[in-house]
Amino acid sequence: MSFCTQIRLFALVLGALLVLTAEPASATKRVALVVGNSTYQNAPLLPNPANDAAAIAATLKGAGFDVVDSRLNLTATDMKRALRDFADQARDADIALVYYAGHGIEIDGTNYLIPTDARLERDTDIYDEAFSLDRVLLAIEPAKQLRVVIVDACRNNPFADTMKRTVASRSISRGLARVEPTVSNTLIAFAAKAGLTALDGNSKNSPYAAALVKYIAKPGLDLRRVFGFVRDDVLQATGNRQEPYVYGSLGGEDVALVPSAKKEEPKPAAQNPQSEVRRDYELALQLNNKAALGVFLSQHPEGYYASLAKLQLNQIEAEDARIEATEKARQAEQQRVRLASEGAQSTDQERAAADLKAAENARIAAETTKQVAQQQATDAERKRAASEASIIAALSPRSATKNSAAVGSPPAAKSVQSDAIAALSDGPHQVDLARTDVPQAELAKSLQSELSRVGCFTGAVDGEWNAASQRSLKLFNRQAGTKFDTKLASVDALDAIKLRSSRICPMICDHGYRADGDQCSKITCAEGSFLNDDNECEKQRAAKPAKPATAKPATAKRDDGDERPARQRRQAGGEAAGAAGGFGGAAGIAAAAGASRRSSGGQLFCNNSGCRAVNRGCHLEYRGGGGPGNDANAEVCN
């Protein structure tokens, strides 16, 4: 064997060893579905599930799960779609985990998870409007090594008290029922023991969720010990009133959701270390409450996205302070009015007035602080969106082609793009590189298509981000409560709109048409009616018949063609009539005063108390009668 051949063989063996050692020690694929149902349409709000779900999702992401699908406030249709999609994720996974927080109910020994749009007016509705725990187990059954279902739904259920029983013998128990999984290596963890209820606690997270966050992602900790520590913490936090429970069994070897910490391997150069941080921030921003932002900052206390989260948190706190100051000012005003009406002593009234002034000053200061915080948060988000959009444009295929033409060879263009990627990894405005291969025109086209789907855009889907497109995104912001920069087509806006499953913008129709589903239908008024400026049919008023000319005195004729009754003309200042005093005297005053206004077309309204000019936009209408104590005319204002 020649020396060169030996060198080649040694290089091949060395390359193989490098590939083997570069592989991660654990190639286990882990996927998770996290659901938090807080906003029930037919039951009181549950404050904790959304916060608990956000905390669990952030913990699993930080633990390196390959997929963490976090969903909030799912209706029956959304829940069915989420379980179906997650079943596809679990098919090639080694570990599959489902965490559910919300309402649950047990009927005839079967546990059900309740979507946010459930009514459950009778016990048989459970089969149509809710999902049995068996359906969740079916979704994770394809996982190869371990299946885990965590159910934080053992609360007092409001549906159980109002639900009609179709069969008297059908049992609806307190809490959830004991369950034994039929598939091996499957654990089902309840927040409370079978037949008992769980507590939400007084903090932003329930005692059970807080304990899970503490232990579930500990590297190398066996899952049975995880739930044992969780049980101990919950018992201590609730004064032994709540005992979590786990059903199912595992083998003799330790089974950990997170493998033991090993020597950190260098990450590939093209991987962006900020992508997970960015996703966590976007989830917290979508929830837009203090609890979610607090969880994010506890997971990522420093960095660019931490600064953005702090600005959003300042905005929420400033709004809370403004609301509190406004309420104090309102109470101070009520106190001042009450003391004044009761004729309190002057010192008490002066003190109340001083308190009102101080409360009003505090309200103005809080309003100013809130506006400043809101402007800072809005400006920061606008700069972030603009920065990411410029990065997308820089890394788009069109930009790469331009670079290739400039240097004259494809390898050089590839090098330029690699340099841009490396620069992004070091910069403060980092984005997920897996999403930066979309040209700006294609991004705008996708955004227009999604805006059209939710009813906010009616123009052509052509990729031109023009004024009509910007108006449609502004309309979406107003309806959805978001604050995306309308001047740019951004990935953030596209992702947010994709989360909407149905129309969000109202149908806007031209005058003469009304919204009818997804179409505008022409308004047809009945005979004798007309369409007014408010787009409503209004009955036409019949014209009053004119009196015969012979019925009027010859002296009542006017050169300006006024055919109104004589009393109306006199009261409008058009004619001097009547004796001094009484109603006739008032009409004479009206005539005298009205003579100087004739050129401007003004009218006067007169009665026993005197005359005054008719208010702008109003006119006199003859109502009949006349004489002392009975006004002939009435002032009518549109």
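Because the structure is predicted, anything quoted here is derived from the model rather than measured. (Residues numbered from 1 in each chain as written. Predicted model: local features only at pLDDT ≥ 70, side-chain atom pairs only at ≥ 80, totals over all residues. Heavy atoms only, no water.)

(A) Layout of helix α2 (residues 48-62). Here α2 contains 15 residues, and its C-alpha end-to-end distance of 21 Å stays within 8% of the 21 Å for a straight helix at 1.5 Å per residue. Of all 15 residues in α2, 14 are buried, a share of seventy percent or more. Phi turns positive, to about 90°, at Gly64, one or two residues after α2. (Helix = DSSP H or I, 4+ residues; strand = E, 2+ residues; numbered from the N terminus. Expected span 1.5 Å × (residues − 1). Buried < 20%, exposed > 50% of the residue type's maximum accessible area, 1.4 Å probe, protein only.)

(B) Representation of the sheet that holds strand β9 (residues 186-190). The strand order β2-β1-β3-β7-β9-β10 describes an open sheet built from 6 strands, whose pairing is mixed. Looking along the sheet, the strands with just one partner apiece sit at the ends: β2 (67-72) and β10 (245-249). The mean angle between the axes of side-by-side strands here comes to 10°, regardless of whether they run parallel or antiparallel. Bridge count for strand β1 (residues 30-36) against β2 is 6 bridges, and the pairing is parallel. Its bridge partner being in β2, Ala32 is matched across the sheet by Val68. Along the sheet, helix α3 (residues 76-90) makes contact with β1, β2 and β3 (95-101), crossing β1 at roughly 170°. (Pairing = 2+ DSSP bridges. Axes fitted to C-alpha atoms, helices over the stretch in contact; angles between N-to-C directions. Contact = heavy atoms within 4.5 Å.)

(C) The environment of Val461, seen in detail. Considering the arrangement of structural elements, one finds Val461 in the loop between α15 (440-453) and α16 (467-480). Judged by its relative accessible area of 36%, Val461 falls in the partly exposed class. Distance in space between the C-alpha atoms of Val461 and Leu451 is 9.7 Å, their sequence separation being 10 residues. Once residues within four sequence positions are removed from consideration, Val461 is found in contact with Lys445, Gln448 and Ser449.

(D) Structural view of a negative patch on the surface. A surface patch of negative charge is lined by Asp533, Asp534, Glu536 and Glu538. Inspection of the secondary structure assignment puts Asp534 in the loop between β13 (529-531) and β14 (537-539). (Patch = residues over 30% accessible without salt bridge, like charges linked within 9 Å, V, L, I, M, F, W, Y side chains within 5 Å. Areas by Shrake-Rupley, 256 points an atom, 1.4 Å probe, with all protein chains shown as cover. Salt bridge = Lys/Arg side-chain N within 4 Å of Asp/Glu carboxyl O. Lys, Arg positive; Asp, Glu negative; His and termini not counted. Charge placed at Lys NZ, Arg CZ, Asp CG, Glu CD.)

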